[in-house]
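# Observations on the three-dimensional arrangement
This is what each chain is made of:
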Amino acid sequence: MSNPQTQAAARKRIAIVGAGPGGLSALIALSQAGFDVRLFERQPEIKAMGGAVLLNLPVMCILRSYGIDLENFGATASSEFRTSKGRLRFRIPFSEDAQKKAGLPGWNYGMLRSSLYARMLPLAPAGSIIPGHRFVRFTEEGEAVRLHFENGSTWDADLLIAADGNRSPVMQQVLGDLGLFHLGLQVWLGWCHADSLPRDISMIMHSSDTQFGFHPILHDGQPAWEWWMVERRAKDSPFQGDVGEHLQRRLKGWAEPVPTLMAATDMGKVFRWELFNRPLLKQWTYGRVTALGDAVHPTSPYAGYGAGMAIEDGYFLGRFLRGVDLYDPAARAAASASRFTTPSCCHRQRAPMATAAWAIGSTSLVLRKTSTMSTGNGIASSDAWQRSPRISS
């Protein structure tokens, strides 16, 4: 006869695939909710992939609720939209009500991904993160889901969370072909130190076929800048040539501070992505498998707010699963109905906005859709923290 204590422990096992910001957030939230969680990552070590991120006030409140010290964590600034020649098109003011509720100034906070990881990783329970494990497949084993890895190892869980990105192998097994399609765009991302620039303004600038944006960040507590540039790029046309020369040519004649930012950037540390999207999903949870972040609602790697939404996903998984017996199908179904069987209202609102913001067309088209995404993101995230007593204090 099995030990009741052993049975109870087995009913609290959760496996997460993918150690991005969303996977780390889910690990922290679910561990703090009392679950036995393992986060599996295919890379041999856990490290940030990519450059800088922007996190808004609700997400900063979530991180604070986890126990993360926000002192000297990120840089905030008001946002403007301008033409490539520098003419002001639109200015987004800070919300005084949002700042009051959060107890923090500003709205978006810029930081390097490495700085975000440095604050989150110490909150992971000892032994909970397992690198060097490339997910291959899962199988249903009675009342458990068994994860199989390329190195031949397995792990049994009561719930599997896919946090493994836009091309999620977990969701490929669940859904089959994910329907990825190329957007005809590529994005360049970089960061630099440029002490001569004012720190109170972030900006998105447009020409007829190119977008350039920048935001102040903190790099190891020191002032710095992140920037991105978006341009058309046909599918299956890999970039060839000198990165610096290409960017200088594309941005020739643009108003300050673009020339200053380009001159201050180490082009050897610039990232490039081709942009892919997927059809919107009406359901995120299938039996003992659910998902978060880009695995179910992919965003662009620039100004699409993917890291922030993934962190929110992890937080709400922890909130709504707290106290749930994962062995009980009715309890799991009730928790799913509360949060993660159907996408939340804020993500339903934001996903089409983020998709629209990827489009590069006329200056007015890009400006209108991008500003809508920024405003809608604020409204949706404000709703998220109003529904969470833990992060409104």
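Here, every reference points to the structure presented above.
Below you will find a few notes about this structure. (Residues numbered from 1 in each chain as written. Predicted model: local features only at pLDDT ≥ 70, side-chain atom pairs only at ≥ 80, totals over all residues. Heavy atoms only, no water.)

### Quick notes on the overall build of the protein
- Secondary structure assignment for the protein yields 12 helices and 18 strands.
- Out of the 393 residues in the protein, the part that is buried amounts to 54%.
- Counting only contacts in the protein whose residues sit at least 6 apart along the sequence, the fraction spanning at least 24 positions is 73%.
- Per element, the accessible surface of the protein, about 16,700 Å² overall, is 52% carbon and sulfur. (Helix = DSSP H or I, 4+ residues; strand = E, 2+ residues; numbered from the N terminus. Buried < 20%, exposed > 50% of the residue type's maximum accessible area, 1.4 Å probe, protein only. Contact = heavy atoms within 4.5 Å. Areas by Shrake-Rupley, 256 points an atom, 1.4 Å probe, with all protein chains shown as cover.)

### Some thoughts on unusual backbone geometry
- Here the bond from glutamate 256 into proline 257 is cis, since omega is 10°, no more than 30 degrees from zero.
- Counting through the fold element by element, proline 257 comes out in the loop between α7 (243–250) and α8 (258–264).
- In the Ramachandran plot, asparagine 72 falls in the positive-phi region, its phi being about 55° despite a non-glycine side chain.
- As for its position among the elements, asparagine 72 is in the loop between α3 (57–66) and β4 (75–76).
- Unlike most non-glycine residues, aspartate 236 shows phi in positive territory, near 60°.
- Relative to the helices and strands, aspartate 236 resides in the loop between β16 (222–232) and α7.
- On the basis of relative accessibility, which here comes to 66%, the residue aspartate 236 falls in the exposed class.

### Some thoughts on the nonpolar core
- Counting residues in each nonpolar core, the largest one holds 50 residues, and the members touching the most others are Ile14, Ile16, Leu55, Leu63, Leu116 and Leu321.
- Residues in contact with isoleucine 16, not counting those within four places in the same chain, are Gly23, Ala26, Leu27, Val37, Arg38, Leu39, Phe40, Ile161 and Ala163. (Core = buried A, V, L, I, M, F, W, Y, C linked by side-chain atoms within 4.5 Å.)

### A few points about helix α5 (residues 113–120)
- Every buried residue belonging to α5 is among Arg113, Ser115, Leu116, Tyr117 and Met120, and all of these are buried.
- Contact partners of the buried residues in α5: α2 (21–32), β3 (52–55), α3, β7 (109–112), β15 (210–219) and α9 (306–321).

### Remarks on the packing of aromatic side chains
- If you walk through the whole model with that rule in mind, you get 12 aromatic pairs.
- Judged by centre distance (6.5 Å) and plane angle (65°), the ring pair of phenylalanine 212 and tryptophan 254 falls under edge-to-face. Here the residue phenylalanine 212 occupies a position in strand β15, and tryptophan 254 occupies one in the loop between α7 and α8, the gap between them amounting to 42 residues.
- Overall, the relative accessible area of 0% leaves phenylalanine 212 in the buried class.
- Tryptophan 254 gets classed as buried once you look at its relative accessible area, which sits at 8%.
- When the centroid spacing of 5.7 Å and the interplanar angle of 20° are considered together, the rings of phenylalanine 271 and tryptophan 273 count as stacked.
- Take phenylalanine 271: its relative accessible area is 33%, and that puts it in the partly exposed class.
- We classify tryptophan 273 as partly exposed; its relative accessible area is 31%.
- Chaining the aromatic ring pairs together yields one cluster made of Phe212, Phe214, Trp225, Trp227 and Trp254.
- Over the ring of phenylalanine 35 we find lysine 12, and its NZ or CZ is 4.7 Å from the ring centre.
- The ring of tryptophan 225 carries the charged tip of arginine 199 above its face, separated from the ring centre by 5.3 Å. (Phe/Tyr/Trp six-rings, centres within 6.5 Å; stacked < 30°, edge-to-face > 60°. Lys NZ or Arg CZ within 6 Å of the ring centre and 35° of its normal.)

### Brief notes about the pattern of salt bridges
- Taken as a whole, this structure holds 11 salt bridges when the rule is applied.
- The salt bridge involving glutamate 80 is made with arginine 91; its shortest N-O contact spans 2.8 Å. Of this pair, glutamate 80 sits in strand β5 (residues 78–83) while arginine 91 sits in strand β6 (residues 88–92), placing them 11 residues apart in sequence.
- Among the charged side chains, a salt-bridge network with shared partners connects Glu80, Arg82 and Arg91. (Salt bridge = Lys/Arg side-chain N within 4 Å of Asp/Glu carboxyl O.)

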